[in-house]
Amino acid sequence: MNKDIATPIRTKAILDKHGFSFKKSLGQNFLIDTNILNRIVDFAELTEESGAIEIGPGIGALTEQLARRSKKVVAFEIDQRLLPILNDTLQPYDNVKIIHQDVLKADLSEVLQSEFGTFKDLMVVANLPYYVTTPIIMKFLEERLPVRGIVVMLQKEVADRISAKPGTKEYGSLSIAIQYYTKAETVMIVPKTVFVPQPNVDSAVIRLTMRTEPAVQVKNEDFFFTITRASFAQRRKTILNNLVNQLPDGKEKKDHILEALSESGIDPGRRGETLSIPEFAKLSDSLLVHFQ
Ligand code: SAM
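Remember, predicted model here, so these are calculated numbers, not experimental data.

Parameters and conventions
Residues numbered from 1 in each chain as written. Predicted model: local features only at pLDDT ≥ 70, side-chain atom pairs only at ≥ 80, totals over all residues. Pairing = 2+ DSSP bridges. Helix = DSSP H or I, 4+ residues; strand = E, 2+ residues; numbered from the N terminus. Axes fitted to C-alpha atoms, helices over the stretch in contact; angles between N-to-C directions. Contact = placed C-beta atoms within 7 Å. Domains from an automatic or database assignment. Nonpolar A, V, L, I, M, F, W, Y, C, P; charged D, E, K, R; others polar. Near = placed C-beta within 6 Å. Buried ≥ 20, exposed ≤ 12 C-beta atoms within 10 Å, placed from the backbone. Arc of directions from axis to C-beta. Right-handed = clockwise from strand over helix to strand, strands pointing away.

Draft legend 1. Representation of the sheet that holds strand 2 (residues 51-55). Pairing in this open sheet of seven strands is mixed, and the strands run 4-3-2-5-6-9-7 from one edge to the other. Where the open sheet ends on each side, the last strands, each with one partner, are strand 4 (96-100) and strand 7 (182-190). Pairs of neighbouring strands in the sheet enclose a mean axial angle of 20°, with direction left out of account. The sheet contacts of helix 5 (residues 108-116) involve strand 2, strand 3 (72-77), strand 4 and strand 5 (122-127), and relative to strand 3 the element is tilted by about 150°.

Have a look at this one:
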């Protein structure tokens, strides 16, 4: 087997050979621990038939492990300076395709279709650039791409918010947005010492497993997300006050909100963080008639 990229010595040799300097603005913190990489790939439960989609291959540390354990890897890298390096480090693998593009600007549906046409199993696996973790995850979910799940490293604080349960201080509109589409778990906490350069924050790996149907059925999805965001606008305020402040003005606004809360069996004095996703679904359906 080829030597792993993700060791401190090999990584340094690659960086020196190509005279590479890190760009903090692109969230470049490379993994230098093969055990951690292998555990990330384990969580993705890939088979020889799987396709893997990676965001930000860097110098190819994770890409290499994915190439060994899946049928094909497609990786999006924004930094042109990394292309010749990846060409060099991933030269032993003929099942990797690097796409030089900002993943947020990519037509993912088209790329998945053209690169993985007949594949039955697709997983997103990445050590995400931390400045842009949420938009990347939301793009995969909102575009309803045909992937089985997403296993990614990100800031621990964001991982905690994504997988939070009602009644905790981490629970909010991000937890709901992601748990609407997926079952979310934090599966590993990762120390700063396994990166070069070391990030300023702690890291964690989350596993998002796509639901076949959303967690709840709502009459209007956009309105449901508007209501969840409005309910957390000021965390210390009650659900009633947040909705009164956030929803557009209109005749008898407060009465309509009180009526919808009562119809949904929700005490107006509760705070948004205590409401479960099914409760938010009921509430948004009740409010819809008045505020659409
Ligand atoms: N996968 C490598 C590893 O684990 O060592 C590198 C991970 S590093 C945290 C993030 C990578 O994402 C960098 O290579 C960076 O250039 C790339 N990147 C940053 N923003 C991106 C974007 N919008 N689209 C694609 N790649 C991006």
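Draft legend 2. Geometry of the domain arrangement of the chain. Domain boundaries assigned for the chain yield domain 1 (8-210) and domain 2 (221-291). Here domain 1 and domain 2 have C-alpha centroids that lie 35 Å from each other. Tallying the contact residues gives nine residues for domain 1 and ten residues for domain 2. A class-by-class count of the residues in the side of domain 1 that touches domain 2 yields five nonpolar, four polar and no charged.

Draft legend 3. Inspection of the site of the ligand at higher detail. Taken together, 23 residues sit near the ligand, with Phe 30, Gly 56, Gly 58, Asn 127 and Pro 129 positioned nearest. Residue assignment for the shell around the ligand shows that the elements contributing at least two residues are strand 1 (30-31), helix 3 (61-69) and strand 3. Class assignment for the residues of the shell around the ligand results in 14 nonpolar, six polar and three charged.

Draft legend 4. Region of the structure containing helix 10 (residues 239-246). Restricting attention to buried positions, one finds in helix 10 the residues Ile 239, Asn 242 and Leu 243. In an axial view of helix 10, the angular spread of the buried residues amounts to 95°, which keeps them on one side of the axis. Looking at the buried side of helix 10, the elements it contacts are helix 9 (221-231) and helix 11 (253-263).

Draft legend 5. Highlighting the pairing of strand 4. Relative to strand 4, strand 3 runs parallel, the two being bridged by five bridges. Its bridge partner being in strand 4, Phe 76 is matched across the sheet by Ile 99. For the crossover that starts at strand 3, traverses helix 4 (residues 83-89) and ends in the parallel strand 4, the hand is right-handed.

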